[in-house]
Structure formats: structure tokens, C-alpha cells
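The lines below spell out each chain.
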Amino acid sequence: MPFKFLIAGAALAFGLLAGAAAQNVEVRDAWVRTSVQGQKATGAFMKITAKDGARLMSISSPVAGVAEVHAMKMEGEVMTMRAVTGGLDLPAGKTVELKPGGYHLMLMDLKAALPKDSTVPMTLVFKDAKGTESRLELKLPVAAAAAATHKH
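Going along each chain's sequence as written, the residues are numbered from 1 onward. Local features in a predicted model are, by the rule used here, given only for residues with pLDDT of at least 70; side-chain atom pairs are given and counted only at 80 or more, and totals for whole chains, interfaces and linings are based on all residues. Computation of side-chain values: all heavy atoms of the structure, hydrogens and water removed.

Novice: Kindly report on the confidence of the model for the chain, identifying the contributing residues and their values.
Specialist: pLDDT expresses how confident the predictor is about each individual residue, on a scale running from 0 to 100. Summarising the model, the chain shows a mean pLDDT of 83, and 82% of its residues fall at 70 or more. This stretch, residues 1-22, has a pLDDT under 50; its non-local contacts, to residues over four places away or in other chains, come to 52 contacts. Contacts are assigned to residue pairs with any non-hydrogen atoms lying within 4.5 Å of each other.

Okay, here's the thing in C-alpha cells:
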């Protein structure tokens, strides 16, 4: 089931709450990849659009000891993955897709397996151009792959 949420400082459907959101941020098609017992890391993926522009500064989740925004890219013939420092730029009105093989959210030092059809609570922290921080509380579905979505 595709998810689409407009964050404007109000309570939302599906148990998602926006705290003191200072800017409009839309999160769509969010999900976390399943993990098995003993697996120490997994990824989370979504599409984020900030109406007025912002930066995704950090993430946290009680299911992981460490949660970071990561970038995966090719350097010569070697694929590298590194934490993004200074926040991920969300240009005004442009959708930034967090996906396998590119920017994504890493959940590391997992405390338990994340089975399919469970949910993962996650907090995203944004900063707008004026330096105002806002938090977005999400509950992401766990799946083996992204759900098929249809555009209208």
C-alpha cells in the first residue's frame, strides 16, 4: 500500500504525528527492508519533498543503536557507502528519492529482527533555511521490497 503524508504540523492518519513542523515536508512510499535474526543492519527508503526547501539532518529509531543518512556511489570500479555529513539537501519543491544504490537511511546495530508486515518507528529531523529544526515521527512498514505504486 503506497503511503503519502503531507506534514504541516498536524496529526495525520495511520498513526503518524508531526511535531512542531516548521515547513511543509511530504514523505511518500516509505518502507524498511526486512531483516533476519542476527542481521545487524538494514535500509529504509522513501521519497521526500520539502515545499520550501530544507535539510534532512538526522534520523533515529528505537530498533537500531545507530541510524544515519547514507550515500552509496561508484568510485572507479568500487561501490562505496558513507554517512552523509551536514545533512541531506532537500531542494525546494523537488523530490529526493532515498533508494537502494543511492541515498538511503541505514539502521545499524539492530536490536531484533524486522519481520515482513511489522512497523518501525522512526524520527526524522529537518532544518529549514532559517535554521529552525522540526521533527517528523513516522511508523514505516517493513517489506522485502518496495510496494508497487501507481501514479495517476
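Anyway, onward from the coordinates.
Novice: Describe the nonpolar core, and please don't skip the residues or the numbers.
Specialist: Within the largest apolar cluster, 31 residues are counted, with the highest numbers of intra-cluster contacts made by V32, M46, I48, L56, L105, L107 and L124. Setting aside chain neighbours within four positions, we find L107 in contact with V32, K40, A41, T42, I59, S61, V63, A64, V66, A67, V120 and M122. Only buried Ala, Val, Leu, Ile, Met, Phe, Trp, Tyr and Cys residues count toward a nonpolar core, and they belong to the same one when joined by side-chain atoms within 4.5 Å. Note on classification: 1.4 Å probe, protein chains only; a residue is buried when its accessible area is under 20% of the maximum for its type, exposed when over 50%, partly exposed between these limits.

Novice: Residue-level account of the packing of aromatic side chains, with values.
Specialist: Stacked, tilted and edge-to-face pairs are distinguished by plane angle, under 30 degrees for stacked and over 60 for edge-to-face with tilted covering the rest, among Phe, Tyr and Trp rings (Trp via its six-membered ring) whose centres lie within 6.5 Å. Under the defined criterion, the tally for this structure stands at one aromatic pair. For the pair W31 and F45, a centre-to-centre distance of 4.8 Å together with 40° between the ring planes defines the contact as tilted. Of this pair, W31 sits in strand 3 (residues 25-33) while F45 sits in strand 4 (residues 41-50), and the two are 14 residues apart along the sequence. Judged by its relative accessible area of 9%, W31 falls in the buried class. Secondary structure counts use DSSP, requiring at least four H or I residues in a row for a helix and at least two E residues in a row for a strand, with both numbered from the N terminus.

Novice: I'd like a rundown of the pattern of salt bridges, residues and numbers included.
Specialist: Throughout this description, the term salt bridge denotes a Lys or Arg side-chain nitrogen within 4 Å of a carboxyl oxygen of Asp or Glu. Scanning all chains against the criterion turns up three salt bridges. Of the charged contacts in the structure, one is a salt bridge between E26 and R28, with a shortest N-O distance of 3.6 Å. Assessed through its relative accessible area of 17%, E26 is described here as buried. Residue classification places R28 among the buried positions, given a relative accessible area of 15%. Close ionic contact of D29 with K47 constitutes a salt bridge, the shortest N to O distance being 3.2 Å. Placement of the pair is D29 in strand 3 and K47 in strand 4, with a sequence separation of 18 residues. For the pair formed by D29 and K47, the shared burial category is buried.

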